[in-house]
Structure formats: C-alpha cells, structure tokens
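Analysis of the macromolecular model
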Amino acid sequence: MHWIAPSEKDTATDTLEKRLWAAADQLRANSGLKASQYSTPVLGLIFLRFADARFAAARARLEKVSASSRRGPRVDQPDAYHAEGLLFLAPDARFDWLLALPEGGQIGRAVNESMRAIERDNPQLSGALPKTYELFTSTLLKELLKKVSEIPASLDYDAFGRIYEYFLGEFARTEGQKGGEFYTPSPIVRLLVEVLEPFHGLVLDPACGSGGMFVQSARFVAEHRANPSAELSIHGQEKDAETVKLCRMNLAVHGLEGEIREAITYYEDLHRSTGRFDFVLANPPFNVNAVDKERLAGEIGPGQRYPFGMPRTDNANYLWIQLFYSALNGRGRAGFVMANSASDARASEQELRRQLVESRAVDAMVAVGPNFFYTVTLPCTLWFLDRGKKATPRADTVLFLDARHVFRQIDRAHRDWTPAQIGFLANVVRLYRGEEPDFTLGGEEARAKLEEVFGNKSAFADVPGLCRAATIGEIEAQGWSLNPGRYVGVAPGEEVSDEDFKERLEGLNEELEGLNAQARELEAAIGANVAEMLGA
C-alpha cells in the first residue's frame, strides 16, 4: 500500500520554536563554537527559562497563602516548592536576574554559578546541568538570553517540552553521526509508544540517549487523561555521561523524574532488570562489534540476561534483542529499532531468532523505509515483543506490517510520518490484537484511512502490500526470517519498487546459497557412499 502524505506546508515557519532555532543557529554560526560545544548550554538556558516560569508561578501562589497564614512566609523555603514537585530557584539562579546583567559583565561565570545554585537547592538535578558558559562571549550569551526570554512564561509544560525537543532534534541534525547517538526522530518513537500503549507501569530504556522514549510515553499517558508522573516509573541507562545529563534535563523540562544511570548496558545492569519491567523501549546502536563476550559468560541461559545464548558473529544486535526480551515481566511489552539485517541474519543469529520466535514473544514486525533518520539513509525494522502473547489467540502468529511506502517527504533527504499515518499504523496492530481502534492520535484522517483499507467494521485481514499475520510454521519455512517483505507481498496492480526488487533479489540469493550448500552436502554424501560401495 502506498500512502504518501503531502509535504508539510511551511505555515509552521513562524512557530516559536522555529524562529528561536533560526536565531540561535545564526548566533552559533557567528560564534566560532562547534555544535557540540554549543548545544548543551543552549538547552540549559531553555531549561532555566522553563524552571523559572514554574518557580515564579508557585512563588506568587505561596505569597498569597503566606499573607493569610499564621505560619509565616514560606516563599523562600525550598521544601515548599519541592512538596509541589517544583524546583526552588535562589535569587541569583533566576532567569530574569541573568537577563538583567550588564553586557560588559562576566555573564558566563554568572550563568555557571546559577546552574550550581540550582543543583545545590535541588539535589535531584545534582551534576546534570551544564557549566561551560565561560566558553561563550558575554555578547553572545546576552543575545541568547534575550532570544530565550521570548519564550512566554505563560506556556504550559508541554509547549516548553516541545521547544526543548525541537532543539534536540535540530542539534542532532547538525551534529551528524554523534547526533544519532542521543536522538531518535520523534515519529519513530511515537509509533513505538502507540503500539506498546504504556498506560501504567515500569518503563525501561537501556540505551536511553536524551530520553525521547520516556517523553513520548508520558505524552501518550497525558493524552489519555492520566498523570504520567503517577502512572509511569522511568528507568534509563546510557553509556555517555554528557548524554545522561541531557536526558535528565529533558525529563525535568517535561515535568518528569526518573532513575537515569550511566553504564555500558552489555556489562552492567544497574536496574536489576531481568523479568522486572512492564515496558521496554529502545533505539540501540546497530551492528556494534568488539563486545567482550567473556565478560558476559555468567549471564547466559534461561532466566538470565542472555537467555538464548551468544551469537558467534562479532555483532551485538542479538545481545540487545535478548536484553530487551529478558527485561520484560510475564505480561511485558517491548518495542525497539533494529537494523534490517537482524531480521534475516544467518548462522548462530538465525538459531537465536528461532528460539525467540518459538517463545511466542514476537508480536509484530514493522518495516520502515529509508531516510527517517538524520544520520543514516538506510531503512530499519521496528520489533515488538509481547511476553503475554502466548496466552492469547494470536500465540502462534506474528504480524508483519510493511510501512515502507507510508511516509511524508519533509525535504529532499528526509521523511517522517504524519500523526494520521502513525495513528493508522498503530491501529492496524490493534486490529490484529483484537483491540478497539484508538484515534486519539491521528483523529478522523486515521479513522478514514483505516475504514478505507479494512472496511467499516474495521476487522483485521491480510492486505497484500501492507500487512499479513503469518504462522510460526510459515516463518520456519522462510528460515525463521522476520523480514516483513517476505510475507506481505505486493498489492494487485502495484509495481515492484527498486527497493522491493533489491530486497527480493537478496532473499532469493540467500535461498539459492542455502540450496547450493545443501546440494554440496548431498554431493559429498553421495560421493562418500559410492566410494564406500565400490571399496566394498
């Protein structure tokens, strides 16, 4: 099925976040600073503006209460703010105080001291805030403070969060490969969340980057009229110390808190995750080599972090997949991004995949087309696991969904999904699971497309070119492949695209190689038997 949404009209160029980004990027271009030196401090200023806005509103409320209270004023007591889940800001840590500093002063040093004061009075942010503002000239900092002050203090949390996320995404775009290490495009994250439906429970991202999985999970809960802080318990692990700080700031800007730890997940499990989590979401690095497998030897086997064994190849994809699987409790769901090659990998990885499929935990596989990521053009696959699936009528099937031809072209090099497209794709999965469609995301446009494809009754059916529920027997016949392209096929009347043709050719070539290998084994066996007979 092809659904190419019209390119986004540029009516949004006047949105606040775009205007702010354009100004901030122009200032960076004239500063001589590298994007990596510039990004975290600018995000820190957005965070400060947000924290100051919330603090000022709370202080105004406390002043009113104090005027009629016999307990005396509490407006300068940090505990009064912490009790409401807010940050306390000392006078020299407030945004307006910094904004009023004269341009000739040492503004960089003053901002650093402000960040230290926030951490001192709010221990939950200890070590998380940037303190490299002395790299900036006072003139540049003054201009940045003025630009950030254009964010209205009256904005709600979500609007502040969107600005922070927008800057994260734009910085990821400008930082190239490194940007991909801390940021996953939000449409990809949003589809993972819509399919998992994390209404309540413990959430883990063991490669959490800047925390986008948590933010989108919280947004999903909020859009379904519940309090994310009360419903979700957030746990993350990340190998890079600076990215841990970005994540903690991101959570704070969205009014969230979580246990975010610094560790290399292959070797350390700081959250004691095995069998613990309701939801796991992740975008791990693809095709990592040189993992020290000797260090993992004590964690292999049933009930351990690597329950199915070690891949012989020097590739960590199947280490990650097992980590996600083993972290789930008996009803837990996981959704993660993975390299396409993992769906068809041969040899020891094929054996690991067989065990995973036979565990009845693989729920759905979604093929994503190229150009969704800033740093690589390659397509990818979204994997969805459900440990509770084996107790359902769909225990012996896996849904394959081909979304390669569903996209919006946002510029020459990048694509994304509209909210309606995400809502439609997530609802295909819901129909397969026998659940009611949910049009909270995507609205009437998603509903109309679902009815167009599946009819007014909206019952799941295989749709050539879009989706197919394949049995485990069929998957075994395909060499335990979890590549959606092998099952979904092409809709009648549609032409095979170059991408489809290449994928099919690769599949046929793999099949041919397998048959050739069997033929060589048979030839050798026949030769040995004949030689034995002649010798006898």
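Refer to the structure above for everything that follows.
As the structure is a computational prediction, the values presented were derived from the model and not from experiment.

1. Brief notes about the sheet that holds strand S1 (residues 3-5)
- If you trace the three strands from one edge of the open sheet to the other, you get S1-S10-S11, paired in mixed fashion. Every other strand in the sheet has two partners, leaving S1 and strand S11 (415-416) as the edge strands with one partner each.
- Two elements, S1 and strand S10 (residues 406-409), share three bridges in a ladder whose sense is parallel. Counted as the bridge partner of Ile4 is Phe407 from S10.
- Where helix H16 (residues 419-433) meets the sheet, it contacts S1, S10 and S11, and its direction lies at approximately 155° from that of S1.

2. Observations regarding the packing of aromatic side chains
- All chains considered together, the criterion is met by 23 aromatic pairs.
- Seen in terms of ring centroids, Phe336 and Trp383 are 5.8 Å apart; in terms of plane orientation they differ by 25°. Their pairing is stacked. Placement of the pair is Phe336 in strand S6 (residues 328-339) and Trp383 in strand S8 (residues 380-386), with a sequence separation of 47 residues. The burial state of Phe336 is the same as that of Trp383; both residues are buried.
- Relative to Trp417, the ring of Phe372 has its centre 4.7 Å away and its plane inclined at 55°; by these criteria the two rings are tilted. In this pair, Phe372 sits in the loop between strand S7 (362-368) and S8 while Trp417 sits in the loop between S11 and H16, placing the two residues 45 residues apart along the sequence. Pair check on accessibility: Phe372 and Trp417 agree, each one buried.
- Counting every residue linked through ring pairs, the aromatic cluster contains Tyr266, Tyr267, Tyr318, Trp320, Phe324, Phe336 and Trp383.
- The residue whose ring lies beneath Arg415 is Phe407, and the NZ or CZ to ring-centre distance is 3.8 Å.

Scoring rules and cut-offs
Residues numbered from 1 in each chain as written. Predicted model: local features only at pLDDT ≥ 70, side-chain atom pairs only at ≥ 80, totals over all residues. Heavy atoms only, no water. Pairing = 2+ DSSP bridges. Helix = DSSP H or I, 4+ residues; strand = E, 2+ residues; numbered from the N terminus. Contact = heavy atoms within 4.5 Å. Axes fitted to C-alpha atoms, helices over the stretch in contact; angles between N-to-C directions. Phe/Tyr/Trp six-rings, centres within 6.5 Å; stacked < 30°, edge-to-face > 60°. Buried < 20%, exposed > 50% of the residue type's maximum accessible area, 1.4 Å probe, protein only. Lys NZ or Arg CZ within 6 Å of the ring centre and 35° of its normal.

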